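# Breakdown of the fold
Take a look at the letters that make up each chain.
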Amino acid sequence: MSTAILGEDGLARCPWGLSAPDYIAYHDEEWGRPVTDDQGLYERLCLEAFQSGLSWLTILRKREGFRAAFAGFDMAEVAGFGPDDVARLLADTAIVRNRAKIEAAIANARAGLDLAEGLAATVWRFADPDAPAPKSTEDVPAVTPGSTALAKELKKHGFRFVGPTTAYALMQACGLVDDHLVDCHRRGAYR
């Protein structure tokens, strides 16, 4: 069973939060912190989709490249991307060059702009603040009924690369659920 682990600084963290130096800041300062604006949620949704099948560390290390390539994740700007932009992105070594994921990011910007209540309000309808506190990594699900419902809702509006697992990763990263382990120093920090 993998429970929270003490770091060199004496703080208990989820095991993955100590698995690489880049993860410490991400774990402590960002993962699980509520993201409540459309642009922030769009960025995270894109990054989670690009991560599919890859290491999150790869995405984290390319994050600034993604921000530059996708106009700071400004949905209105990305929604206007056309074939020349797709070609530019496919040649950009600062990001993951996957045509389907690039085209999904553009389609998702358009779909996000079409949501009557906005992306943040739509996503936050699926928040689960009362999810049980995981005691170990084995208690952390990959998919939940809530993430399945969120994925279905987004797909209904034309979003791509948003299956239940990606939707749950988004929920974890953006604070819709608190999956910091019960003994982690960040558990409950954002309530």
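Since the structure is predicted, the reported quantities are computational estimates derived from the model, not experimental observations.

The rules behind these values
- Residues numbered from 1 in each chain as written.
- Predicted model: local features only at pLDDT ≥ 70, side-chain atom pairs only at ≥ 80, totals over all residues.
- Heavy atoms only, no water.
- Helix = DSSP H or I, 4+ residues; strand = E, 2+ residues; numbered from the N terminus.
- Buried < 20%, exposed > 50% of the residue type's maximum accessible area, 1.4 Å probe, protein only.
- Axes fitted to C-alpha atoms, helices over the stretch in contact; angles between N-to-C directions.
- Parallel < 35°, antiparallel > 145°, perpendicular 65-115°, else oblique.
- Contact = heavy atoms within 4.5 Å.
- Nonpolar A, V, L, I, M, F, W, Y, C, P; charged D, E, K, R; others polar.
- Left-handed = near helix turned anticlockwise from the far one by under 90°.
- UniProt positions renumbered as here; feature names shortened; annotations may be inferred.

## What to know about unusual backbone geometry
Of note in this structure, Ala71 is not a glycine but carries a positive phi near 50°. By secondary structure assignment, the location of Ala71 is in the loop between α4 (63-69) and α5 (75-79). Given a relative accessible area of 24%, Ala71 falls into the partly exposed group. Backbone geometry places Phe161, a non-glycine residue, at a positive phi of 55°.

## With respect to the packing of helix α9 (residues 145-156) against helix α10 (residues 164-173)
Close contact between α9 and α10 brings their axes to 8 Å; oriented N to C, the two are set at 110°. As summarised for this structure, α9 and α10 are arranged roughly perpendicular, according to the angle between their axes. Contacts between α9 and α10 involve Gly146, Ser147, Thr148, Leu150 and Ala151 from the former and Pro164, Ala167, Tyr168, Leu170 and Met171 from the latter. In terms of residue class, the contact of α9 with α10 is built from seven nonpolar, three polar and no charged.

## Section: the packing of helix α6 (residues 83-90) against helix α7 (residues 99-114)
Close contact between α6 and α7 brings their axes to 10 Å; oriented N to C, the two are set at 135°. Comparing the axis directions of α6 and α7 gives the class oblique. As for the relative orientation of α6 and α7, their crossing is right-handed in sense. Along its contact with α6, which presents Val86, Leu89 and Leu90, the element α7 presents Arg99, Ile102, Glu103 and Ile106. The residue makeup of the contact of α6 with α7, split by class, is five nonpolar, no polar and two charged.

## Quick look at the environment of Trp56
Checked against the element boundaries, Trp56 lands in helix α3 (residues 56-61). Residue class for Trp56 comes out buried when judged on its relative accessible area of 13%. Distance in space between the C-alpha atoms of Trp56 and Tyr23 is 9.4 Å, their sequence separation being 33 residues. The residues contacting Trp56, other than those within four sequence positions of it, are Tyr23, Tyr26, Leu47, Glu48 and Gln51.

## Some details on the UniProt feature "binding site: Zn(2+)" (unreviewed entry) in the protein chain
Under the present numbering, the feature "binding site: Zn(2+)" (unreviewed entry) in UniProt falls on Cys14, His27, His180 and Cys184. Considering the C-alpha atoms alone, the annotated residues occupy 171 residues of sequence yet fold into one spot, their largest mutual distance being 10.2 Å. Along the polypeptide, His180 turns up in the segment after α10. What His180 contacts, discounting residues up to four positions off in sequence, is Cys14, His27, Trp31, Gly32, Pro134, Arg186, Arg187 and Tyr190.

## What to know about the side chain of Thr166
Summarising the element assignment, Thr166 is placed in helix α10. Residue classification places Thr166 among the buried positions, given a relative accessible area of 13%. Among all residues touching Thr166, those that are not within four sequence positions of it are Glu48, Ala49 and Phe161.

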